[in-house]
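Examination of the molecular architecture
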Amino acid sequence: MKKLSFRLFQIIFPISIFLILGLVVFSTWFGKDFLFTGTDVYFPISRIFSMYRNLFTWSTNSTGSQSTSMSIIFPYGLFLIVSEKLNLSLPLTQHLWYYYIFVLSGLSAYLFSKTVIKKTFNVDTVIPPMIAGIFYMANPFIAVMSSTYTPFWLTYASMPFKLYLVIIGFGSPQKLKDVIFRVLLWLLISSSSYGNPKYLILDIIPFIILLMSYLFFEKNKVLIKYTLIYCIQFLSLLIIFNLYWLIPQIYLIKNAIINTRQVYELVGVPRILNYLWTSASGVLNGLSLIGHKPLQDYYGSVPYYKYSSYLFSPLYRIVGLLPIFLLMFVVISRKKIMNYYIYVFCIFILVFSVFGMLGTTSPASEINLFFVNKIPLYLDLFSNPYPIYSIYYLVALSTILSIGMFILESKISSSAFILKAFIVIIVSILLFLIGKPVWTGELIRKSSYIENKYLTSHLYKIPDYYYSIKKIISTDDFNSRILSIPYPKMGVVVYRWEDGGYSGPEIGSGWIGNILSGTNLATEKILNKIKNGKVITNDLANLGIKYIIFHNDANPLMYNGTKIYGGAERIFEKDIVSSLMNSHIKYQVTNYKFAALYSIETDQNLSSKPQVQFSSINPAKFNVNILKAYKPFVLILPQTYNKDWLISDGRKFIQEINHSHQLVNDYANGWYVDPQKICVKIPKLCTVNNDGTFNINLIIEYLPQRLFYIGLFVSSVTLFLLIGYCTYDFLKQKK
């Protein structure tokens, strides 16, 4: 009975503590109706519809070099769909998501640290792993990452739990149903953006290091066999369940790397410069979790992070190195260790991550630059060395912290309860001081902090006009593009919104329609013509623009070319009106307090001589009806040029047309079509009119979407077969 009570205590007590601590995000971070910068594009108004669109490998709003979709499926997608079904407001949905990640990070580190202590010392304990969990969920790195590197946060929060799922299968035979369950758990807490697979690859690296550490120290061949079988099963299922994005991503990997580099070139920034900017600012700063360079940057007389002065104070300089002191204590301790592989894994990850996070900073600069220059894809995978390697560093550091606290606890007599309680209180105070910006909410830059002209708030509220525009632009119009002015060449908008302004990507594309993004000659031309009041009829047709939004709430910082913003063309509303009138375009204008929406009526087929009707089957597939075609013409698809846009009859690709695929209008896809030749060779595509012209029906599709369907089919069939197996096994055991 006592053992059962202790087991319940070990489960209920830590979960309760982490759930309570997670409420910090509600009490100190957010305002009631405010969103938090960094997750804007992931919380659209039409959540279900947006999730549907994210199942496709093509982003229809892009006219720049980046065109593949950043698709969101698990777990964001499921969470957002449920939140809309429950009619939860957008701010509440985001706050609940933060609460989930915050609590997950603490429980994740707790479970892994508890398992490590059990396997290392064969002792069940609660307090030391809880200390590790609290440290992991609130520290200076969390304060920086939550507002600057938000996409990494889920990877950070879930990584210790994933290592826990791996390590519990080492050294013993595992049932297949248990492996399946753990793999599904892994997937449900994984980063959701399969358009950028580095977040998923980052999870595998410590997995491999942990396995190699085990194989190096374990001498029992039977246990090695069990472990290898388990890991092979685990990795095989993980790969199969991820085929829906892996197959198209492997196909697109070269383009993805080239596109990313083109974006850096577009803004005049070498990719290596980003690596330099995000390297740790020094060894001591890295070790104490304050190596993020902008922590020491100032704009005017105001630091980029409000709490910077605290982190660089003498108090924190001492407290911030507490985990390192505990590491030294663990190293010199002679506590009997049962499994050295875990001990070595933690030390190796710690050293590995410190060298990695330093990037171009001495003394690791030569080694890291060697990796950058000699190892393919290294720069693409670890493009932000400090934030990425800090995840590994904190996983190791929190685990060592729990081991150190356990050793310290074990050296104190079991009867010295008061002394143990005193140590726990002192450590709790020190943990609060280490994570002070998180607990107090100082990491949130609010409107009262805007003391100079550069920095905007971390909290913002979507203006009412976005909701009003959404009612005008229905989902039926979602494939019609929207030109937002001012147009951000560098991809960053700065608006004068509540609480103290907003800066970040234009959030409207996931909210109200396909707002254009990316910069090329086509967008440059139309912006210059609007600025000078010139005719833009063909330009609107070529880009598929049906709406123009003019933002009266744009911050002048967008035009000033400061070191954090800038690059937008200065265009006034009178310029838009003048250009539309000179183009003899019919339009309707809807005025709001801080914006104006221009609904444009123009012939979208001006670029083609025969009448061409496009209808969207999905974002990666279009049905094309060509009416009254006779002479050869160029068929234009107003999507960013990509060699993988191909024409088919619905089943087979038509090589007679696809071989002429070319770049047109400085950004779009064009095919030379000779109606008479095509209709003779493939008569089923055509119908002949009385005047001798042809009506032609074609399908234009993005090839990687077919690869997505293939991978999704394999992943789904495998999942259903395994669910069937688990059901059969359960029923068999019940009999």
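Above this text sits the structure in question.
Below is a short write-up of the structure. (Residues numbered from 1 in each chain as written. Predicted model: local features only at pLDDT ≥ 70, side-chain atom pairs only at ≥ 80, totals over all residues. Heavy atoms only, no water.)

Turning next to the overall build of the protein chain. If you tally the helices and strands in the protein chain, you get 31 helices and 19 strands. Buried residues in the protein chain amount to 55% of all 735 residues. A separation of at least 24 residues holds for 77% of the contacts in the protein chain among residues at least 6 apart in sequence. Accessible surface, the protein chain as shown: approximately 32000 Å² in total, 64% of it carbon and sulfur. (Helix = DSSP H or I, 4+ residues; strand = E, 2+ residues; numbered from the N terminus. Buried < 20%, exposed > 50% of the residue type's maximum accessible area, 1.4 Å probe, protein only. Contact = heavy atoms within 4.5 Å. Areas by Shrake-Rupley, 256 points an atom, 1.4 Å probe, with all protein chains shown as cover.)

What the rule picks out here adds up to one disulfide. Paired by a disulfide, Cys-679 and Cys-686 hold their sulfur atoms 2.1 Å apart. Between Cys-679 and Cys-686, the S-S dihedral sits near -90°, and the bridge is therefore left-handed. Each member of the pair, Cys-679 as well as Cys-686, is classed as buried. (Disulfide = S-S within 2.5 Å.)

What tends to happen in soluble globular proteins is that the nonpolar side chains get buried as a cluster. Core analysis: the largest hydrophobic core is formed by 156 residues, its most contacted members being Trp-29, Trp-153, Tyr-156, Phe-170 and Trp-497. For this core, the element with the highest residue contribution is helix H21 (residues 385-410), accounting for 16 residues. When near neighbours in sequence (up to four residues on either side) are disregarded, Phe-170 contacts Lys-119, Leu-210, Leu-211, Tyr-214, Thr-227, Tyr-230, Cys-231 and Tyr-341. Among the nonpolar cores identified, the runner-up in size contains 27 residues, and Leu-252, Ile-657, Val-673 and Cys-686 belong to it. (Core = buried A, V, L, I, M, F, W, Y, C linked by side-chain atoms within 4.5 Å.)

Turning our attention to the packing of aromatic side chains. Counted by the stated rule, this structure contains 50 aromatic pairs. Following the ring pairs from residue to residue traces out a cluster consisting of Phe-348, Phe-352, Phe-370, Phe-371, Tyr-378, Phe-382, Tyr-389 and Tyr-392. The ring of Tyr-310 has Lys-436 lying over it, and the distance from NZ or CZ to the ring centre is 4.8 Å. (Phe/Tyr/Trp six-rings, centres within 6.5 Å; stacked < 30°, edge-to-face > 60°. Lys NZ or Arg CZ within 6 Å of the ring centre and 35° of its normal.)

Another aspect to go through is the environment of Tyr-467. Note on placement: Tyr-467 falls in helix H24 (residues 464-472). Since its relative accessible area comes to 36%, Tyr-467 is described here as partly exposed. For the pair Tyr-467 and Ile-512, spaced 45 residues apart in the sequence, the C-alpha separation amounts to 8.1 Å.

Next up on the list: the sheet that holds strand E17 (residues 668-673). What the three strands build is an open sheet, ordered E14-E17-E16; its pairing is antiparallel. Because the sheet does not close on itself, it has two edges, and the strands there are strand E14 (633-637) and strand E16 (662-664). Across the sheet, the mean angle from the axis of one strand to that of its neighbour is 45°, orientation sign disregarded. Relative to E17, E16 runs antiparallel, the two sharing three bridges. Each bridged residue has a counterpart across the sheet, and for Leu-663 the counterpart in E17 is Asn-669. (Pairing = 2+ DSSP bridges. Axes fitted to C-alpha atoms, helices over the stretch in contact; angles between N-to-C directions.)

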